[in-house]
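Architecture and fold: a report
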Amino acid sequence: MNFAPIVIFVLSTIVVTHGGNRNTDDSVRFDARLLTVDANEGIDLADINKDGKLDVVAGRNWYPAPDFAPRPIRQIADWNGYVESNGDFTHDLNGDGFPDVVAGSFLPTVVHWYENPGKEGLNLGQLWKQHVLRDTKISKNEGSFLHDLDGDGTPEWVTNSWAADTPVTAWSFGESENGRPTLMRHLIGNAGQFHGMGFGDVNNDGREDILFGNGWYERPQGDIWARQWKRHADWEMGQTSPILVRDLNGDGFTDMIWGKGHDYGLYWWQGTGEKTENGKLKFIEHLIDDRYSQVHTIHFADLDGDGLDELIAGKRLRAHNGNDPGGNEKPCLYYYKWNSIEFAFVRHIIDEGHIGTGLQIRSADLNGDQKIDIAVAGKDGTWLLLQK
């Protein structure tokens, strides 16, 4: 079972130095800025105050560009070594043009949205008004996603549970009878979840599927809400990070990238386009890195501007309060560049010893220098990594 998830306002800048282990003169390098220290592990980016600059949203606070000084959003209780929030998602719920925040938690079943107070309220540092979006009646929530499953341009709310008997459910945004924002339920499957979720066309039929650490749900043709999806128990990865899906080696078959959320190991599985004797999709496993544990979130971004994405991953510090293998080892954060000749990832250091991850990694140009920056939040702090 996984729970991921006092504010000390600390503004400082640490120049990250690299040593040992594979960094070369052409490596992308960052200056790191610590924004705050708490147990929050969710983070998102949005233009909160509509000044044309991307701001950071992380747990109790938002941090406006360009100074990224903290301003309040909401109060969140501390719980069992975590905070009662398993991710931050920005979305304009009431259509006023100002991004709001949607957030759930681990054991509580209610999803809330926090109403952006607009320019005047933001300037006054007001707390954002909390609204119930939906009581999903679903607990044991590993993490959530805003993902456009049906292709209508508006994302659905999809929550991953670590409990295999939890229904697989997507929730679309709508209005209740009193005209207030709510979530409308769509059942994907009665059970079959597990720790780790992803989206992608895993069977190469042109339709996006939903993946878990213990198999996948096949997207049907036509109206995806008209029937339940077919589940395939094709693999057992264990407790994984979110699963990323793409064709890495250009052979036309879908590959999967994932990490062990509570052990050592970051992998890519090479799709073969074949099936085993019992009809399961066949993959070839390749190790990317096993020198640190608790790879709990992974992210693709083009850091060096060459048009090709790098893989960003790191250690989620104390994911089970130090009870995982390597759980109390120092945090670390890396990017991996894909070698298209050797079909392998090459590791580059972002930071070792100070910065890890929580449940989300975000990337964008945050200071207007046309370079991609990184934002992370975990139990070692909320950090901005501004590319040099």
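Just so you know, these numbers come straight off a predicted model, no measurement behind them. (Residues numbered from 1 in each chain as written. Predicted model: local features only at pLDDT ≥ 70, side-chain atom pairs only at ≥ 80, totals over all residues. Heavy atoms only, no water.)

Observations regarding the overall build of the protein chain
A count of helical and extended segments in the protein chain gives one helix and 31 strands. For a compact globule of 388 residues, the expected C-alpha radius of gyration is about 21 Å, and the protein chain comes in at 20 Å, within 12% of that figure. Structurally, the protein chain occupies a C-alpha span of about 65 × 60 × 40 Å along its principal axes. Within the span of the protein chain, comprising 388 residues, buried residues form 56% of the whole. Here the protein chain carries 36 positive and 58 negative side-chain charges, and the mean point of each set is 4 Å from the other. (Helix = DSSP H or I, 4+ residues; strand = E, 2+ residues; numbered from the N terminus. Rg over C-alpha atoms; globule rule 2.2 N^0.38 Å. Buried < 20%, exposed > 50% of the residue type's maximum accessible area, 1.4 Å probe, protein only. Lys, Arg positive; Asp, Glu negative; His and termini not counted. Charge placed at Lys NZ, Arg CZ, Asp CG, Glu CD.)

Topic: the confidence of the model for the protein chain
Chain-level statistics for the protein chain give a pLDDT mean of 93 and a share of 93% at 70 or above. Below a pLDDT of 50 lies the segment residues 1-21, which in the model reaches 81 contacts outside its immediate sequence neighbourhood of four places, other chains included. (pLDDT = per-residue confidence, 0-100. Contact = heavy atoms within 4.5 Å.)

Some points on the environment of Pro 155
Here Pro 155 shows up in the loop between β13 (141-147) and β14 (156-161). Along the sequence, Pro 155 and Phe 173 sit 18 residues apart, while their C-alpha atoms lie 8.0 Å from each other. With near-sequence residues (within four places) excluded, Pro 155 lies in contact with His 91, Leu 146, His 147, Asp 148 and Phe 173.

Thoughts on the environment of Tyr 335
Take Tyr 335: it is sitting in strand β27 (residues 332-339). Take Tyr 335: its relative accessible area is 2%, and that puts it in the buried class. With 22 residues separating them along the chain, Tyr 335 and Ala 313 place their C-alpha atoms 6.3 Å apart. Each residue touching Tyr 335, except ones within four places of it in the same chain, is listed here: Ser 27, Val 28, Leu 303, Glu 310, Leu 311, Ile 312, Val 346, Arg 347, His 348 and Ile 350. Among the polar contacts listed, one links the side chain of Tyr 335 to the backbone nitrogen of Val 28, at a separation of 2.8 Å. (Polar contact = N/O pair within 3.5 Å; in protein donor to acceptor, adjacent residues only side chain to side chain.)

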